[in-house]
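# Survey of secondary and tertiary structure
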Amino acid sequence: MSNMHKGRSQGLPPLRAVRAFVVAARHMSLTRAAEELFVTQSAVSRQIRELETDLGVTLFERRGRNLRLTAEGRALAWVAGDALDRLTEEAIALRTRRSGPVVTLSMLPSVAARWLAPRLADFITAHPDIDLRIAASRQFTDFETEGVDAAIRYGLGDWPSVAATHLADEEIVPVCSPAYAHEVGLVKPADLAQASLLHGDLPEDWRDWFRAAGVTDPVPRRGPHFGDANALLQAATDGLGVALGRSLLVADDLRAGRLVEPFGPRLQARYAYWFVLPRSQALSERLVRVRDWLTAQFANTS
């Protein structure tokens, strides 16, 4: 994608415009972005055009009501999204001045948004004396420099220098929106030959799933790739195709009907969720309470 024109500024772009772009890129929808930001759709569109003018590049390809990120847009969405997440976390930490003990917990943004957020009210009710702060990051926590007490990690549990307590296993399951399942006519695994497959960064891929499903005929591998599980599942919810979702992350969406599981099988995930903290750190009473609450919540998620 070629440049639109020369940018007007050599400094930082307008923060409000960057935020509008990041939210629109996450939803791939100006309407949804406007709803989240509590502004009009035209205001979001205007701020994105302002950002494109400032940077001198096209960030979205607009085809009617559909949006598609350009190469420049994908690069900016990744960097700006992570920067805004960090800025938000730091702002919350600076503004919050509670008298109770603080526990800072790190985890993937997808786990924070799709699993933890709907359950935070329960934690606050059960432990009103603990100020739980969430550091959502795609990077492994550096416990020595980031001021994080513990983390939820997704993996094999064999990381060096940390003590890992198993929280939960999960399964890998095909999911899509109800409308998409009806539109394509998804009744059996072979019907995926007519579907758009959404690809994520799981160790298990579509080839593994097709093998488990006994599908031997070649199935087109077309479809976009996502480096973040939250974006992948949002694309499936928006009706862009069928994704392989992590069962714990899609449980609430399946229960609410935002996603459906058109058919099996389910694959046992190679990775699991773990509660980790440095081996040198003592497990305080409040960390025990956080760990035990997490363990119970994971066990209750189907």
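Everything discussed here concerns the structure shown above.
Our subject in this report is the structure included herewith.

Moving on: the overall build of the protein chain. Each helix and strand counted, the protein chain has eleven helices and eleven strands in total. For the protein chain, whose C-alpha radius of gyration is 21 Å, the value lies close to the compact-globule estimate of 19 Å for 302 residues. With respect to the principal axes defined by its C-alpha atoms, the protein chain has extents near 55 × 55 × 35 Å. Taking all 302 residues of the protein chain together, the buried fraction comes to 46%. The contacts in the protein chain between residues at least 6 apart in sequence include a share of 76% that link residues at least 24 apart. Of the roughly 15700 Å² of accessible surface on the protein chain, 52% is carried by carbon and sulfur atoms.

With an omega dihedral of 5°, the bond running from G264 to P265 counts as a cis peptide bond. In this model, F38 sits at a positive phi of 60°, which is unusual for a non-glycine residue. By the element assignment, F38 lies in the loop between helix 2 (30-37) and helix 3 (41-55). The backbone of S161 shows a phi angle near 70°, a positive value even though the residue is not glycine.

Turning our attention to helix 10 (residues 247-256). Counted residue by residue, helix 10 has seven buried out of ten residues, so it is predominantly covered. Taken together, the buried positions of helix 10 are S247, L248, L249, V250, A251, D252 and D253. Positive backbone phi, approximately 85°, marks G257, located one or two places after helix 10.

On to the pairing of strand 2 (residues 66-69). Of the two faces of strand 2, the one holding L67 and L69 is buried and the one holding N66 and R68 is not buried anywhere. Where strand 1 (residues 60-63) lies against strand 2, four bridges are found, and the strand directions are antiparallel. Looking across to strand 2, one finds that R62 is bridged to L67. Adjacent in sequence and paired antiparallel, strand 1 and strand 2 are bridged by two residues, among which G64 carries a positive phi angle near 65°.

Quick look at the packing of aromatic side chains now. Applying the stated criterion across every chain, the model contains ten aromatic pairs. With a centroid separation of 5.1 Å and an interplanar angle of 75°, the aromatic rings of F123 and W293 are classed as edge-to-face. Of this pair, F123 sits in helix 6 (residues 120-126) while W293 sits in helix 11 (residues 285-300), placing them 170 residues apart in sequence. Residue W293 is classed as buried on the basis of its relative accessible area of 6%. A connected cluster of aromatic rings, assembled from ring pairs, spans W115, Y154, Y271, Y273 and F298. Above the ring of W78, the side-chain terminus of R138 is found at 4.1 Å from the ring centroid. When the ring centre of Y154 is taken as origin, the NZ or CZ atom of R246, which lies over that ring, is 3.8 Å away.

Here five strands make up an open sheet; going across it, the order is 4-3-5-11-6 and the pairing mixed. Strand pairing shows two members of the sheet lacking a second neighbour, strand 4 (131-136) and strand 6 (162-168), which therefore form its edges. Sheet twist, expressed as the mean angle between neighbouring strand axes with direction ignored, is 25°. Examined bridge by bridge, strand 3 (residues 102-107) and strand 5 (residues 150-155) share two bridges and lie parallel to one another. Counterpart to S106 in the pairing with strand 5 is A151.

To continue, consider the nonpolar core. With 55 residues, the main nonpolar core has L105, L186, L192, Y273, F275 and L294 as its most contacted residues. Among all residues touching F275, those that are not within four sequence positions of it are L105, A150, A151, A163, A164, T165, L167, L283, L287, V290, R291 and L294.

Applying the stated criterion across every chain, the model contains 21 salt bridges. Note that R26 and E36 form a salt bridge whose closest N and O atoms lie 2.4 Å from each other. Taken as a pair, R26 in helix 1 (residues 15-27) and E36 in helix 2 lie far apart in primary sequence, ten residues in all. Looking at R26, the relative accessible area reads 34%, which means it is partly exposed. Note that D238 and R32 form a salt bridge whose closest N and O atoms lie 3.3 Å from each other. You can see D238 sitting in the loop between helix 9 (229-237) and strand 9 (242-246) and its partner R32 sitting in helix 2, a full 206 residues away along the chain. Taking the relative accessible area as the measure of exposure, R32 reaches 37% and is therefore partly exposed. Several salt bridges converge on common partners, so that one network encompasses E204, D208, R211 and R270.

Bringing the sheet that holds strand 7 (residues 171-175) into the picture now. As summarised here, the arrangement of the four strands in space is 8-9-7-10, forming an open sheet in which the pairing is mixed. Both outer strands of the open sheet, strand 8 (197-198) and strand 10 (267-268), are each paired with one neighbouring strand and no more. Bridge count for strand 7 against strand 9 is four bridges, and the pairing is antiparallel. Opposite V173, over in strand 9, you have G245 as the bridge partner. Lying on the sheet, helix 8 (residues 206-213) is in contact with strand 7, strand 8, strand 9 and strand 10; it crosses strand 9 at an angle near 90°.

The rules we used
- Residues numbered from 1 in each chain as written.
- Predicted model: local features only at pLDDT ≥ 70, side-chain atom pairs only at ≥ 80, totals over all residues.
- Heavy atoms only, no water.
- Helix = DSSP H or I, 4+ residues; strand = E, 2+ residues; numbered from the N terminus.
- Rg over C-alpha atoms; globule rule 2.2 N^0.38 Å.
- Buried < 20%, exposed > 50% of the residue type's maximum accessible area, 1.4 Å probe, protein only.
- Contact = heavy atoms within 4.5 Å.
- Areas by Shrake-Rupley, 256 points an atom, 1.4 Å probe, with all protein chains shown as cover.
- Pairing = 2+ DSSP bridges.
- Phe/Tyr/Trp six-rings, centres within 6.5 Å; stacked < 30°, edge-to-face > 60°.
- Lys NZ or Arg CZ within 6 Å of the ring centre and 35° of its normal.
- Axes fitted to C-alpha atoms, helices over the stretch in contact; angles between N-to-C directions.
- Core = buried A, V, L, I, M, F, W, Y, C linked by side-chain atoms within 4.5 Å.
- Salt bridge = Lys/Arg side-chain N within 4 Å of Asp/Glu carboxyl O.

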